[in-house]
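Observations on the model geometry
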Amino acid sequence: MRRARLPLTAAFAKIAPIQGPTGGREDFMTRSTRLSRRTVMAGAAAAFATPAVVKAQGQTIKIGSLLPRSGFFAQAGQSMHRGALAAPELLAQLGYRVEIVHIDTESNADVARTQAERAINEGCHVLTGAFDSGHTLAIAQVTEQRQIPFVVNVAAAPQITEQGYKFLVRNFQTGGQLVTNGLRLIKDVMDAKSIKFEKAVFLHANDTFGTAQRNAMDAIWPRVGLPIELVDKIAYDPRAQDLSVEVTKIRSLNPDLVMCVTRASDAIKMVRDMVRQRFQPKAIISPGSPGFYDEEFYQALGPLADFVMFGLPWANPKSQMTQAFERSFAKVNPNNRFAVDSFNAGFTFEGLLIAADAFKRAGTTNGPQLMEAVRATNITDHVMIGGPITFDAKGQNPNIGSALVQNIRRTATVVLPKDVAQAEPVLPLPAWQGRS
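Residues numbered from 1 in each chain as written. Predicted model: local features only at pLDDT ≥ 70, side-chain atom pairs only at ≥ 80, totals over all residues. Heavy atoms only, no water.

On to the packing of aromatic side chains, then. The way to describe two aromatic rings as a pair is by their centre distance and the angle between their planes. On inspection of all chains with the given rule, the structure shows 16 aromatic pairs. For the pair Phe172 and Phe347, a centre-to-centre distance of 5.0 Å together with 80° between the ring planes defines the contact as edge-to-face. Taken as a pair, Phe172 in the loop between strand E6 (168-170) and helix H6 (175-193) and Phe347 in helix H12 (residues 338-362) lie far apart in primary sequence, 175 residues in all. The exposure classification of Phe172 matches that of Phe347, with both residues buried. (Phe/Tyr/Trp six-rings, centres within 6.5 Å; stacked < 30°, edge-to-face > 60°. Helix = DSSP H or I, 4+ residues; strand = E, 2+ residues; numbered from the N terminus. Buried < 20%, exposed > 50% of the residue type's maximum accessible area, 1.4 Å probe, protein only.)

The next point concerns the sheet that holds strand E8 (residues 229-236). Whether parallel or antiparallel, the strands of a sheet pair through hydrogen bonds between backbone atoms. The seven strands are arranged E8-E7-E9-E10-E11-E12-E13 in an open sheet whose pairing can be described as mixed. Each end of this open sheet is capped by a strand with a single partner; those strands are E8 and strand E13 (412-416). The mean angle between the axes of side-by-side strands here comes to 25°, regardless of whether they run parallel or antiparallel. Here strand E12 (residues 403-407) runs beside E13; their pairing, made up of four bridges, is antiparallel. Across the sheet, Gln406 pairs through a bridge with Thr413, a residue of E13. (Pairing = 2+ DSSP bridges. Axes fitted to C-alpha atoms, helices over the stretch in contact; angles between N-to-C directions.)

For Thr143, the location among the structural elements is in helix H5 (residues 133-146). Thr143 gets classed as buried once you look at its relative accessible area, which sits at 0%. The sequence separation of Thr143 and Leu168 amounts to 25 residues, and the corresponding C-alpha distance is 7.9 Å. If near-sequence neighbours (up to four positions away) are discounted, Thr143 is found in contact with Ile120, Leu127, Ile148, Phe150 and Phe167. (Contact = heavy atoms within 4.5 Å.)

Ranked by internal contacts, the top residues of the largest apolar core, which has 118 residues, are Met259, Ile284, Phe297 and Trp314. Each of two domains, domain 1 (61-172 + 318-401) and domain 2 (177-314 + 403-420), supplies a minimum of three residues to this core. Those residues within four positions of Ile284 in sequence are excluded, and the remaining contacts are Val258, Cys260, Met270, Met274, Phe292, Val308, Met309, Leu429 and Trp432. With 22 residues, the next largest nonpolar core counts Ala112, Ala130, Leu137 and Tyr165 among its residues. (Core = buried A, V, L, I, M, F, W, Y, C linked by side-chain atoms within 4.5 Å. Domains from an automatic or database assignment.)

The description of two packed helices rests on the angle between their axes and on the distance between the axes. As a packed pair, helix H3 (residues 74-93) and H12 sit with axes 7 Å apart at the nearest point and diverge in direction by 50°. With respect to H12, the axis of H3 lies oblique. The two elements H3 and H12 meet at a crossing, and its hand is right-handed. Mapping the contact onto sequence places Ala76, Ser79, Met80, Arg82, Gly83, Ala84, Ala87, Leu90 and Leu91 in H3 and Asp341, Asn344, Ala345, Thr348, Phe349, Leu352 and Leu353 in H12. Across the contact of H3 with H12, the residue classes tally to ten nonpolar, four polar and two charged. (Parallel < 35°, antiparallel > 145°, perpendicular 65-115°, else oblique. Left-handed = near helix turned anticlockwise from the far one by under 90°. Nonpolar A, V, L, I, M, F, W, Y, C, P; charged D, E, K, R; others polar.)

When the charged atoms of two side chains lie near each other, side chains of opposite charge can form a pair. In the structure shown here, the tally under the stated rule is 17 salt bridges. One salt bridge in this structure joins Asp132 and Arg263, with 3.9 Å as the shortest N-O distance. Taken together, the positions of Asp132 in the loop between strand E4 (126-129) and H5 and Arg263 in the loop between strand E9 (257-261) and helix H9 (264-276) put the pair 131 residues apart, joining distant regions of the chain. In terms of burial, Asp132 and Arg263 fall into one category: buried. (Salt bridge = Lys/Arg side-chain N within 4 Å of Asp/Glu carboxyl O.)

The next point concerns unusual backbone geometry. Residues Leu416 and Pro417 are joined by a peptide bond in cis, for which omega reads 0°. With an omega of 0°, the peptide bond running from Leu427 to Pro428 counts as cis. For Pro428, the position within the fold is in the segment after E13. At Glu106, a residue that is not glycine, the phi angle is positive and equals roughly 60°. By the secondary structure assignment, Glu106 is in the loop between strand E3 (98-104) and helix H4 (109-121). Owing to a relative accessible area of 17%, Glu106 belongs among the buried residues under this scheme. A positive phi is found at Arg278, a non-glycine position, where the angle reads about 55°. Locating Arg278 in the fold gives a position in the loop between H9 and strand E10 (283-286). By relative accessible area, Arg278 is classed as exposed at 60%.

Have a look at this one:
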């Protein structure tokens, strides 16, 4: 017999707020140090419970949050880490008891694998992470062998849920889903603004994620029926000093639309080289990648960061759960903007929520039994746009939605779909020169 889940409004009415953590939060992990832990405790009694749930409430689930908080992916990893720091207060209000162990993977797949082993040895019952697909696959090999649930919060490579892992679920879209939904949103914004794109170029990083997105584009573009000629697909090294050669090639093709898969650092290089070469497309739209919404992007480019667009799974600004999480986020991270961090922070929170909810239902930290509960997840009140959090036979959540988001006044702003939009989309792309 399961305890009936309280609606979100009832949960907030019945459970008194609990103060979030304070003090030293930046406990970075390195290979040369022991696994240092900054744990955050959260707890609240539920109104009714079966004996199994009572057992769970007498215990605490220990969750290892593995994120690239230093190294090449540190910008995204720190953004996700801020979500992990903000999670305990809201989880407590929802009736969950959690201890979060914050672990730095150092943007290195080998370190991610080693730290996953060490986290399990130190008593973590569930692992979450890990942003980069290569890191995620390295961790998955460990959790599969050790029979410990692994909740993937951000990582898009299709093979993550195609290799038959029994101790892994993914609460994120695959690369193919990101591209498909991103391209549909391009069609939607063309219709909404009565604008036509004649030619497009696809620019992408040649790393694991970018290559997966290129493969997805190759497969999906012929099927989506966009009335646009895709004239070229251009790969680049994200560690290159600049993208002047790639932008020169794009400029020679003169597309109306530039589609791109980037990270923040190379997105900055792309925009700077476009400005230098006075290349002015009608739109720059990412059909599913990070970069454009990072604080690093805004700070480096100022007004030049505005009006680019990206189609991504995104926090629902009109959801009560999102609004509650934003309040928790603001308390713990007063110097950071939720509007900027909401993608990374939101998926990080949901990964922790999935683990906590499964533990509460399972009433045990036994790996196989806990994994059964993870696979049976059905959470209707959550942060990101889309239907209930559930998992199919492969461990993939099929219900995650996407939004078209545009930078307006250096703030990521939802512009489509209309039912969750915060502003109207701005197209064509205003001229680089004269912005303030």
